[in-house]
Amino acid sequence: AGFGAGLGLALASSAFIGGSFVLKKKGLLRLCGPARAGQGGHAYLREWLWWAGLLCMGVGEAANFAAYAFAPATLVTPLGALSVLVSAVLSSIFLNEQLNVHGKIGCILSILGSTVMVIHAPQEEEVSSLESMAEKLKDPGFIVFAVCVLVSSVLLIFVAGPRYGQSNVLVYVLVCSAIGSLSVSCVKGLGIALKELFSGKPVLKEPLGWVLLVCLVICISIQINYLNKALDIFNTSVVTPIYYVLFTTAVMTCSAILFKEWQHMVLDNIIGSISGFLTIVSGIFLLHAFRDMPFTPSLLPLFLQPAGADPHPPWSSADRHQSCQHQPLLPSEDKGSQSAEEEEEE
């Protein structure tokens with residue numbers, strides 16, 4: 001029951017989050033001038049489309065929140081690849097962003113990789129109470145990881161952001177991904193707190209629950225701010241897949257350190273999880289790297305071309321009657337010599 005609930009909530013979360021990217025992008029595109037988010041403005045707060053996208057993202061994050069309470073992070077997080085698929089398809093429909101054959105193959109690979117990762121997902125250690133969650137948060141490995149995330153985020157925001165934020169998509173996306181890995185830990189702890197609250201335990205008197213709630217609000221606020229900057233400056237089909245890859249990597253690293261998931265996995269599950277993640281990365285690379293490359297039937301081999309298709313690609317039609325076998329090796333020099341001989345004769 002917990003697996004089915006977590007799976008269904010994760011799928012619903014991907015659908016809402018993928019649609020939220022498109023709605024927020026359309027709201028940001030309606031702005032111009034220094035009021036844009038990429039220039040440090042906040043005029044998007046007056047756009048109803050942006051608020052609709054934020055509402056969809058809120059519903060998706062709520063479903064994601066509940067999914068983490070019912071299922072391990074390594075099951076929920078890989079399914080976020082479906083949000084890339086939803087965002088790519090909706091962007092091609094409503095934002096006129098091209099989705100060619102390479103992008104479609106990339107979407108299929110992302111789905112296949114997610115399926116493989118779900119099948120071979122590691123089983124995290126049992127965390128059934130806030131006391132056990134507090135013990136895990138005190139682990140030295142997790143403390144070192146959290147300090148590294150905070151320090152790197154501060155450097156990206158105050159050092160790299162002003163210099164490279166307008167030209168490099170990784171700056172703002174790295175901030176969202178790094179802070180997002182900590183937000184998942186907060187979500188997991190709050191999910192456990194809600195379970196204990198519904199079972200009748202005095203959770204409201206525990207300070208850890210309130211600390212996790214405050215940390216979650218701060219993390220989500222930072223993510224929304226810098227995700228808006230990235231979406232306003234760069235293409236949606238660029239931001240979404242890169243954000244997914246970096247966010248998934250950060251969450252898997254955080255979960256492995258916090259819950260010690262990989263210590264109890266057999267070799268075939270380790271290979272399956274790594275292979276599934278690499279398949280997702282390959283699909284997202286195809287979706288991103290070749291998004292502007294036109295792909296027509298004339299580029300296919302002859303035996304795969306449909307009937308009536310032009311066997312010559314458009315870019316070679318101007319040169320197909322000018323084969324190099326029928327031209328002199330140095331035509332420009334020959335023409336120059338011929339003109340020189342005519343001048344001497346005159």
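Here the structure is a predicted model, which is why all the values come from computation and not from measurement.

(A) Molecular detail of the side chain of Ser-110. Mapped onto the elements of the fold, Ser-110 is located in helix α5 (residues 101–119). The buried category is assigned to Ser-110, whose relative accessible area is 3%. When neighbours within four sequence positions are excluded, Ser-110 is seen to be in contact with Ala-81, Ile-280, Gly-283 and Ile-284.

(B) Spatial organisation of the layout of surface pockets. By volume, the largest pocket amounts to about 610 Å³. As for the largest pocket, its lining consists of 30 residues, of which Ile-17, Glu-61, Asn-64, Tyr-243 and Phe-247 are closest to the centre. For the lining of the largest pocket, the elements supplying multiple residues, two or more each, are α1 (2–29), α2 (48–70), α4 (81–94), α8 (169–198), α9 (207–233) and α10 (236–259). Examining the composition of the lining of the largest pocket, we find that 7 residues originate from one element, α2, more than from any other. Classifying every residue of the lining of the largest pocket gives 19 nonpolar, 10 polar and 1 charged. For the lining of the largest pocket, the two domains that each supply at least three residues are domain 1 (1–123) and domain 2 (125–260).

(C) How the structure looks around the nonpolar core. By size, the foremost hydrophobic cluster in this structure holds 60 residues, and its most contacted members are Tyr-68, Met-133, Leu-137, Val-169, Val-173, Leu-227 and Val-239. Those elements that provide at least two residues to this core are α1, α2, α3 (73–76), α6 (130–137), α7 (140–164), α8, α9 and α10. The leading source of residues in this core is α8, at 15 residues. Of the residues that make up this core, three or more belong to each of domain 1 (1–123) and domain 2 (125–260). When neighbours within four sequence positions are excluded, Val-169 is seen to be in contact with Phe-234, Val-238, Val-239 and Ile-242. Counting 12 residues, the second largest nonpolar core, distinct from the first, contains Ala-81, Val-84, Cys-107 and Val-245.

(D) Here's a closer look at a nonpolar patch on the surface. Together, Ile-143, Val-147, Val-151, Val-154, Leu-155, Phe-158 and Val-159 make up an exposed nonpolar region whose accessible area comes to about 630 Å². Mapped onto the secondary structure, Val-147 falls in helix α7.

(E) Expanded view of α4. With 14 residues, α4 extends 20 Å between its outermost C-alpha atoms, agreeing within 8% with the 20 Å of an ideal straight helix rising 1.5 Å per residue. Those residues of α4 lying buried are Ala-81, Leu-82, Ser-83, Val-84, Ser-87, Ala-88 and Ser-91. The positive-phi residue at the C-terminal boundary of α4 is Asn-96, with phi of around 60 degrees.

(F) Structural view of the environment of Lys-25. By the element assignment, Lys-25 lies in helix α1. Take Lys-25: its relative accessible area is 7%, and that puts it in the buried class. Sequence-wise, Lys-25 and Thr-236 are 211 residues apart; in three dimensions their C-alpha atoms are separated by 7.3 Å. Beyond its immediate stretch of four places on either side in the chain, Lys-25 contacts Leu-95, Leu-231, Asp-232, Phe-234 and Thr-236. Within the local environment of Lys-25, its side chain forms a polar contact with the backbone oxygen of Leu-231, the two atoms lying 2.6 Å apart.

(G) How the structure looks around the packing of α2 against α8. Where α2 contacts α8, the axes come no closer than 8 Å and their chain directions differ by 70 degrees. Our classification of the angle between α2 and α8 gives roughly perpendicular. In contact with Phe-65, Tyr-68, Ala-69 and Phe-70 of α2, α8 contributes Val-184, Val-187, Lys-188, Leu-190, Gly-191, Leu-194 and Lys-195. Grouping the amino acids of the contact of α2 with α8 by side-chain chemistry returns 8 nonpolar, 1 polar and 2 charged.

About the cut-offs
Throughout this description, residue numbers start from 1 for each chain and increase along the sequence as written. Local features in this predicted model are restricted to residues of pLDDT 70 or higher, and side-chain atom pairs are both shown and tallied only at a pLDDT of 80 or more, whereas totals for entire chains, interfaces and linings draw on every residue. Side-chain numbers here rest on the full set of heavy atoms in the structure, without hydrogens or water. A run of H or I in DSSP counts as a helix once it spans at least four residues, and a run of E counts as a strand once it spans at least two, with each numbered from the N terminus. Exposure categories follow from relative accessible area, calculated using a 1.4 Å probe and restricted to protein chains: below 20% of the type maximum is buried, above 50% is exposed, and the middle band is partly exposed. In this analysis, two residues are considered to be in contact whenever any of their non-hydrogen atoms come within 4.5 Å of each other. In this analysis a 1.4 Å probe is tested at points of a 1 Å grid over the protein atoms alone, and where it fits but cannot get out there is a cavity; an open set with protein on both sides within 12 Å along at least five of seven lines is a pocket; lining residues have an atom within 4 Å of a point. Grid points are joined across faces, edges and corners, and a volume is the space filled by probe spheres set on the points. Residue type decides the class: Asp, Glu, Lys and Arg count as charged, Ala, Val, Leu, Ile, Met, Phe, Trp, Tyr, Cys and Pro as nonpolar, and the leftover types, Gly among them, as polar. Segmentation into domains, and thus their bounds, comes from an automatic or database assignment. Within this scheme, the nonpolar core is defined by two criteria: the residues are buried Ala, Val, Leu, Ile, Met, Phe, Trp, Tyr or Cys, and they are joined through side-chain atoms within 4.5 Å. Like-charged residues within 9 Å of one another, or nonpolar side chains (Val, Leu, Ile, Met, Phe, Trp, Tyr) within 5 Å, are grouped into patches, provided each residue has over 30% relative accessible area and no salt bridge. What sets the accessible areas is the Shrake-Rupley method with a 1.4 Å probe; for residues, cover comes only from the shown protein chains. By salt bridge we mean one thing: a side-chain nitrogen of Lys or Arg within 4 Å of a carboxyl oxygen of Asp or Glu. One less than the residue count of a helix, multiplied by 1.5 Å, gives the span that helix is expected to have. Counted as a polar contact is a pair of N or O atoms within 3.5 Å, where, for protein atoms, one must be capable of donating a hydrogen and the other of accepting one, and residues adjacent in sequence contribute only when both atoms are in side chains. In this description, a line fitted to the C-alpha atoms serves as the axis of each element, helices being fitted only across the stretch in contact, and the angle between N-to-C directions of two axes falls anywhere from 0 to 180 degrees. For this classification, under 35 degrees means roughly parallel, over 145 means roughly antiparallel, 65 to 115 means roughly perpendicular, and everything else is oblique.

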